[in-house]
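A closer look at the structure
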Amino acid sequence: MSRPRGPEMVNGFTGASLAGQPPHIRELLVRRGKVLGPGYQLFYTNPVEVVRGDGVHLYDSAGNEYLDAYNNVVSLGHCHPAVVEAVTRQLSKLTTNTRYLQADLLDFSERLLETFPAELDRITYTCTGSEANDLALRIARAHTGNTGIIVTRNAYHGVTAEVAAFSPSLGPASPLGPHVRTISAPDPLRQGTSVVTELRTEIRAAMDDLRRHGFGVCALVVDSIFSSDGVQPVPTDLLGVLAAEVRAAGGVYLADEVQAGFGRTGTGWWGFGRHEVVPDLVTLGKPMGNGIPVAATVLRHEVGREFGRKVRYFNTFGGSNVPIAAAAGVLGTIEDEGLIDNAHEIGAQLKRGFARIASDHPHLADVRGAGLFLGIEVTAPESTDPEPVLAQSLVDDLREHFVLVSASGPHGNVIKIRPPLVFDTSDAALLLERFADSAARVLPT
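Residues numbered from 1 in each chain as written. Predicted model: local features only at pLDDT ≥ 70, side-chain atom pairs only at ≥ 80, totals over all residues. Heavy atoms only, no water.

Per an unreviewed UniProt entry, the protein carries the name Aspartate aminotransferase family protein and comes from Amycolatopsis oliviviridis. One UniProt comment on the protein, placed under Sequence similarities (unreviewed entry), says "Belongs to the class-III pyridoxal-phosphate-dependent aminotransferase family." (UniProt positions renumbered as here; feature names shortened; annotations may be inferred.)

Some points on unusual backbone geometry
The step from Val 234 to Pro 235 runs through a cis peptide bond, and the omega angle for that step is 5°. Among the secondary structure elements, Pro 235 is positioned in the loop between strand E7 (219–223) and helix H8 (238–248). Even without being a glycine, Val 231 presents a positive backbone phi close to 60°. Residue Val 231 is classed as buried on the basis of its relative accessible area, which comes to 0%. Positive phi, normally seen in glycine, also occurs at Phe 262, with a value near 60°. By secondary structure assignment, the location of Phe 262 is in the loop between strand E8 (252–256) and strand E9 (281–284). (Helix = DSSP H or I, 4+ residues; strand = E, 2+ residues; numbered from the N terminus. Buried < 20%, exposed > 50% of the residue type's maximum accessible area, 1.4 Å probe, protein only.)

Digging into the nonpolar core
Leu 112, Leu 284, Met 288, Phe 354 and Ile 415 are the most contacted members of the largest nonpolar core, which totals 93 residues. Top contributing element to this core by residue count: helix H11 (residues 339–358), with 8 residues. With residues near it in sequence (within four places) discarded, Met 288 still touches Phe 108, Leu 112, Tyr 125, Phe 262, Val 294, Ala 295, Ala 296, Ala 326, Ala 327 and Val 330. With 20 residues, the next largest nonpolar core counts Leu 137, Ala 140, Val 163 and Leu 299 among its residues. (Core = buried A, V, L, I, M, F, W, Y, C linked by side-chain atoms within 4.5 Å. Contact = heavy atoms within 4.5 Å.)

Some points on the pairing of E9
Here E9 shows no split at all, with Leu 281 and Thr 283 on one side and Val 282 and Leu 284 on the other all buried. Relative to strand E10 (residues 295–299), E9 runs antiparallel, the two being bridged by 4 bridges. Along E10, the bridge assignment pairs Thr 283 with Thr 297. (Pairing = 2+ DSSP bridges.)

Thoughts on the environment of Glu 400
Within the element layout of this structure, Glu 400 appears in helix H12 (residues 388–400). Sequence separation of Glu 400 and Tyr 44 is 356 residues, and the distance between their C-alpha atoms is 9.7 Å. At 2.9 Å, the side chain of Glu 400 and the side chain of Asn 46 are in polar contact. (Polar contact = N/O pair within 3.5 Å; in protein donor to acceptor, adjacent residues only side chain to side chain.)

A few points about helix H9 (residues 301–310)
Listed as buried for H9 are Val 303, Gly 304 and Phe 307. End-on view of H9: buried residues confined to an arc of 75°, all on one side of the axis. Exposed residues on H9 whose side chains face more than 90 degrees from its buried face are Arg 305 and Arg 309. (Arc of directions from axis to C-beta.)

A short note on the sheet that holds E8
With mixed pairing, 7 strands are arranged side by side in an open sheet as E4-E10-E9-E8-E7-E5-E6. In the strand order of this sheet, the two ends are held by strand E4 (122–126) and strand E6 (180–183), each with one partner. Neighbouring strand axes in the sheet, compared pairwise and without regard to direction, differ in orientation by 20° on average. Bridge count between strand E5 (residues 149–152) and E7: 2 bridges; the pairing is parallel. From the neighbouring strand, Ile 150 faces E7, where its bridge partner is Leu 220. (Axes fitted to C-alpha atoms, helices over the stretch in contact; angles between N-to-C directions.)

Digging into the pattern of salt bridges
Taken as a whole, this structure holds 19 salt bridges when the rule is applied. For the salt bridge of Arg 190 with Asp 187, the shortest nitrogen-to-oxygen distance reads 3.1 Å. Arg 200 serves as the salt-bridge partner of Glu 245, at 3.8 Å between the closest nitrogen and oxygen. Note that Glu 245 is positioned in helix H8 and Arg 200 in helix H7 (residues 195–212), a separation of 45 residues in sequence. Given the relative accessible area of 16%, Glu 245 is considered buried. Its relative accessible area of 26% is what places Arg 200 among the partly exposed residues. (Salt bridge = Lys/Arg side-chain N within 4 Å of Asp/Glu carboxyl O.)

Some points on the side chain of Thr 115
Among the structural elements, Thr 115 can be located in the loop between helix H3 (103–113) and E4. In this structure, Thr 115 is in contact with Trp 269, Trp 270 and Leu 331, ignoring residues within four places of it in sequence.

Observations regarding helix H10 (residues 321–336)
Here H10 is 16 residues long and its end C-alpha atoms lie 22 Å apart, about the 22 Å a rise of 1.5 Å per residue gives. A large share of H10 lies buried, amounting to 13 of its 16 residues. Looking one or two residues beyond H10, the residue adopting positive phi is Gly 338, at roughly 60°. (Expected span 1.5 Å × (residues − 1).)

Some points on a nonpolar patch on the surface
A cluster of nonpolar residues, Val 35, Leu 36 and Tyr 40, forms a patch on the protein surface that exposes about 330 Å² of accessible area. Positionally, Leu 36 belongs in the loop between helix H1 (23–35) and strand E1 (52–54). A relative accessible area of 37% means that Leu 36 is categorised as partly exposed. (Patch = residues over 30% accessible without salt bridge, like charges linked within 9 Å, V, L, I, M, F, W, Y side chains within 5 Å. Areas by Shrake-Rupley, 256 points an atom, 1.4 Å probe, with all protein chains shown as cover.)

Some words on the sheet that holds strand E2 (residues 57–59)
The strand order E1-E2-E3-E13 describes an open sheet built from 4 strands, whose pairing is mixed. At either margin of the open sheet sits one strand with a lone partner, and together these are E1 and strand E13 (403–404). Two strands pair when backbone bridges link them, and E1 and E2 are joined in this way by 3 bridges, in the antiparallel orientation. When the sheet's bridge partners are listed, Gly 53 is paired in E2 with Leu 58.

Given below as structure tokens:
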């Protein structure tokens, strides 16, 4: 099995060679290497310099227009006027924290909680999804009295020390904590119809091992679209089964909605809704502010009771005025522009189109996804053996033809397509056209 490849490891330009780069790009790469700290990487073998964004497009310094089919941070597209205006207006009015009474914060919180099942009735704000997951685990530990965590084998949940300890996709140089156990992600291409049975057996074994080592069972933490595991949208009866197992052992189910949330999967606001299960805690991040750092932990009030009794929690910028204004702009725009329905409709158009393309290319073994979150698995023909080099070649070829996508999965062989929610039929048609051309150029016949 190849080394796990996390979200910053796939498509990482290391700067080992500057050969072939234009002088302007070479200069930027040299300057970057001299001033930025360790660990930074760039997308694509041939990195992209961006100077401007507008809607579903990014532009480089030469004026080239790129179709952005990857950036879910700007869920409404780049520089959406609703967010620009909301942030500008708030910056000219007030910027402070949650220790003052403010109706705007409460108005937004009430609106956001209305998108959740009634059981999830409290919200605490942070700045990033990593912080939200960190806080959620603190709350879960206080509630359960246990520390053991179960995640999928190539999961990514964040970069704080605590959260990196249960983010195996960061690779062997970022070891898991002794209190962490992993189970397989669903993979119907290889597991067939036995997915639920196999994973029920795995999670029971993981919980037994946690108890044997004195950690107990604190939480199952799952990204509702299994993004870093290669974008696995089915089976939708799995999470309910796993949550029931964990709850029976005294733990809680934490749904990480940083990538799957805010209507992206096209069937309601939250990815867990496709699975017809209600979590105990939910974490939000990236797309919540359309580029403004804002995130949150949503929870059942009874789950947070013990943490609130013992701990004073404060986050200077979590819930402050400007991020909340941005988040309110995002929430209102998704509602006003019908973007959840749009994700469903355009996602279906893309899925049909990619399936047609895959029918001509044996290396494209599976087209899957939900809404505007799709994965295309690249394997050897008539096999499930991953082909990460071919997948990377597709990603790079699309980049050379001004379309931005990425790759995911334990082997980096799943093309990951995750465009802004404002993608329309013409954007989808262009993406399909360019993808078909790239497949014809790159994939062996």
